[in-house]
Amino acid sequence: MTATPDLRTSRLASPDLLRSVFRRHAAGVAVITARGDDGPVGFTATSLASVSAEPPLISFGIGTGASSWPAVSRTDHVGVHVLGEHQEELAATFARSGADRFGGSTAWREGPEGVPVLDGVLAWLVCKVVTRVPAGDHRIVLAEVVLGDPAGDGRPLLYHQGRFNGLRD
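Residues numbered from 1 in each chain as written. Predicted model: local features only at pLDDT ≥ 70, side-chain atom pairs only at ≥ 80, totals over all residues. Heavy atoms only, no water.

**Quick notes on the pattern of salt bridges**
Scanning the model with the defined rule gives four salt bridges in all. Two residues, Arg155 and Glu85, come together in a salt bridge whose shortest N-O distance is 3.8 Å. Here Glu85 lies in the loop between strand S6 (77-82) and helix H3 (88-95) and Arg155 lies in the loop between strand S10 (138-149) and strand S11 (157-160), a separation of 70 residues in the sequence. Across the pair Arg109 and Asp119 runs a salt bridge whose closest N-O atoms are separated by 2.5 Å. (Salt bridge = Lys/Arg side-chain N within 4 Å of Asp/Glu carboxyl O. Helix = DSSP H or I, 4+ residues; strand = E, 2+ residues; numbered from the N terminus.)

Okay, structure coming up:
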C-alpha cells in the first residue's frame with residue numbers, strides 16, 4: 001500500500017526541490033558525444049528519452065553552461081551511448097568538469113559524420129540533430145536516429161540517489 005503524501009512537509013518549487021525529487025528517480029546513464037572545433041566533446045546524461053518510433057527520434061537535455069554546449073549547439077550530429085554497469089568510471093569521467101574525457105583511459109573511434117563513438121557500450125546511436133528547444137537554463141535536443149548498434153553485452157548502468165548503480169534482480 002502506498003503512503004498518503006503529507007502536505008505539511010511539502011515545499012515550494014525551487015532548484016533544490018527538483019534535485020531532491022529527481023535523486024529518487026532512477027535513470028539510465030548515457031554519454032552524449034559530438035565533434036567540436038578543438039576535438040571531441042561529451043557529457044554524461046540521465047535525461048535520454050525515446051521520443052518517436054516513426055521517425056525514430058530521441059531527446060536529451062544539456063545545460064547552456066556545460067562545457068560541451070558550444071559544440072552541441074552547432075553540430076549537425078551527435079553520438080548517444082547507453083552505458084553498462086561496468087562503465088561507472090567512464091560515466092564519472094564524462095560527468096566531471098575539467099576531466100580529460102577522451103584521454104588514454106577512454107576507448108573511442110571516429111564514427112559516421114565525424115561523431116566520436118565510444119567502445120564497449122551496451123548500445124550506441126549516431127543521430128542528426130533536428131532542433132534545440134529552449135528550456136530554462138537547458139536546451140532539449142531532439143535528434144533523428146541515423147544508425148546504431150544495440151548489440152553490446154552486459155546490464156545497464158543506473159543513476160540513483162546521487163550515485164551510479166547496477167540493476168538488482
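Once you've had a look at it, read on.
**Here we look at the packing of aromatic side chains**
Overall, the coordinates contain four aromatic pairs when judged by the stated rule. Between Phe43 and Phe60, the ring centres sit 5.9 Å apart and the planes meet at 55°, which makes this aromatic pair tilted. With Phe43 in strand S3 (residues 39-45) and Phe60 in strand S5 (residues 56-63), this residue pair connects regions lying 17 residues apart in the sequence. With respect to class, Phe43 is no different from Phe60; both count as buried. Taken together, the ring pairs in this structure connect Phe94, Phe102 and Trp108 into an aromatic cluster. (Phe/Tyr/Trp six-rings, centres within 6.5 Å; stacked < 30°, edge-to-face > 60°. Buried < 20%, exposed > 50% of the residue type's maximum accessible area, 1.4 Å probe, protein only.)

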